[in-house]
Amino acid sequence: MARITIIETGQVPQKYREQHGSFPDMFERMVRTEDPTATVDVVSIPNGDALPDPGKLEAVLITGAAAGVYDGLDWIAPLEHFVRTAYANKTPMVGICFGHQLIAQALGGTVRKSEKGWGIGRHVYQVLPENGVIACEEVAIAASHQDQVIEPPNDALTILSSEFTPHAGLLYANGTTLTVQPHPEFDVAFAQVCCDLRDGKAPDDVVATARASLAEPMDNAKLGGAITRFLARR
């Protein structure tokens, strides 16, 4: 049985939370699709929860957030320290979107706002063959980001990539850290919400293309299942 501690770094806007749930709710659904026996604990940074000792945790998942990892918010440096400690302890750890970027920055990578603009809607990523975690040639997953990992840390191997996001998935040399830029926890309805939230912020044609793309099949179960097995070390 997996026991996963979700570090909530951002919150779903209140008007959408009742229908779609929080980010930890979405991850719990994702995890239990693969492992119905999994136990999920939540540590919410926005709610003021203290970070636990990663050495006492079985597995960690760091969520997405509206913040940028380079914003200098007072909770980012302590979270980076948490990441480095978890990494040194070889605590199984996964980061999604903001979590992907935060782990990369904490371990020596470079993150910034991409000149390519908003990545929203369904994106298709090529999978590095024989990576040991994701067993397929490509995955199609919803994305919602402007920031990207521009230079991965030295001990990170890129296992997911696309023309838009060259370093969309990283597997680290300690063997217990995996991060991805897209959102396997988002269902199509919430991915549409993410498109709605970009109205007036992203170019109209980008938003329209993203909305239309969500009619195509998604591979949430493939990536979500791989992440759950990775956290459970199975």
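Note that the coordinates shown come from a computational prediction; the quantities given were computed from them, not determined experimentally. (Residues numbered from 1 in each chain as written. Predicted model: local features only at pLDDT ≥ 70, side-chain atom pairs only at ≥ 80, totals over all residues. Heavy atoms only, no water.)

S.K.: So what about unusual backbone geometry? Which residues, and what values?
M.R.: The backbone of lysine 90 shows a phi angle near 60°, a positive value even though the residue is not glycine. The topology assignment puts lysine 90 in the loop between helix H3 (76-89) and strand E4 (93-96). (Helix = DSSP H or I, 4+ residues; strand = E, 2+ residues; numbered from the N terminus.)

S.K.: Hey, could you go over the environment of alanine 208 for me, with residue numbers and the actual values?
M.R.: One can find alanine 208 in helix H6 (residues 204-213). C-alpha of alanine 208 to C-alpha of glycine 121: the two residues are 87 residues apart in sequence and 9.3 Å apart in space.

S.K.: Describe the pairing of strand E11 (residues 177-180), listing the residues and the values that go with them.
M.R.: Residues Thr177 and Thr179 of E11 are buried on one face, and the alternating residues Leu178 and Val180, pointing to the opposite face, are buried as well. Here four bridges tie E4 to E11, and the two strands are oriented parallel to one another. For methionine 93, the partnering residue across the bridge sits in E11 and is threonine 177. Looking at chain direction, strand E10 (residues 169-172) and E11 are connected through three bridges and run antiparallel. The partner of leucine 170 across the bridge, within E11, is threonine 179. In textbook terms, the turn of a hairpin is the stretch between consecutive antiparallel strands, and for E10 and E11 this stretch comprises four residues, one of which, glycine 175, has a positive phi near 80°. (Buried < 20%, exposed > 50% of the residue type's maximum accessible area, 1.4 Å probe, protein only. Pairing = 2+ DSSP bridges.)

S.K.: Lay out helix H2 (residues 23-34) with the relevant residues and their values.
M.R.: Here H2 is twelve residues long and its end C-alpha atoms lie 17 Å apart, about the 16 Å a rise of 1.5 Å per residue gives. The complete set of buried residues in H2 reads Phe23, Pro24, Met26, Phe27, Met30 and Val31. Summarising the axial view, the buried residues of H2 lie within an arc of 160°, below the 170-degree limit, and thus occupy one face. (Expected span 1.5 Å × (residues − 1). Arc of directions from axis to C-beta.)

S.K.: Residue-level account of H6, with values.
M.R.: All buried positions along H6 are accounted for by Val207, Ala210 and Ser213. Taken end-on, H6 shows its buried residues confined to a sector of 125°, consistent with a single buried face. Facing away from the buried side of H6 by over 90 degrees, the exposed positions are Asp204, Asp205, Thr209 and Ala212. Along its buried surface, H6 packs onto strand E6 (119-127) and helix H5 (188-197). (Contact = heavy atoms within 4.5 Å.)

S.K.: Let's hear about the state of the cysteines: which residues, and what values?
M.R.: Under the criterion given, the structure shown has zero disulfides. Cysteine cysteine 97 remains unbridged, with the sulfur of cysteine 194 as its closest cysteine sulfur at 9.0 Å. For cysteine 97, a relative accessible area of 5% gives the class buried. Here cysteine 195 stays unpaired: no disulfide links it, and the sulfur of cysteine 194, its closest cysteine neighbor, is 7.1 Å away. (Disulfide = S-S within 2.5 Å.)

S.K.: Report on the UniProt feature "domain: Glutamine amidotransferase" (unreviewed entry) in the protein, specifying residues and quantitative values.
M.R.: Mapped onto this numbering, the UniProt entry annotates "domain: Glutamine amidotransferase" (unreviewed entry) at residues 57-186. Spanning residues 57-186, this segment combines 18% helix with 36% strand, and its end C-alpha atoms are found 25 Å apart. (UniProt positions renumbered as here; feature names shortened; annotations may be inferred.)

S.K.: Which residues make up the packing of aromatic side chains, and what are the values?
M.R.: Across all of its chains, the model carries five aromatic pairs by this definition. Plain terms: the ring middles of tryptophan 75 and phenylalanine 98 are 5.6 Å apart, the flat faces sit at 45° to each other, and that makes the pair tilted. Pair noted here: tryptophan 75 is in the loop between strand E3 (60-62) and H3 and phenylalanine 98 is in helix H4 (residues 98-106), with a separation of 23 residues, a long-range link. Residue class for tryptophan 75 comes out buried when judged on its relative accessible area of 18%. Look at phenylalanine 98 and you get buried, because its relative accessible area is 0%. What links up through ring pairs into an aromatic cluster is the set Phe23, Phe186 and Phe190. (Phe/Tyr/Trp six-rings, centres within 6.5 Å; stacked < 30°, edge-to-face > 60°.)

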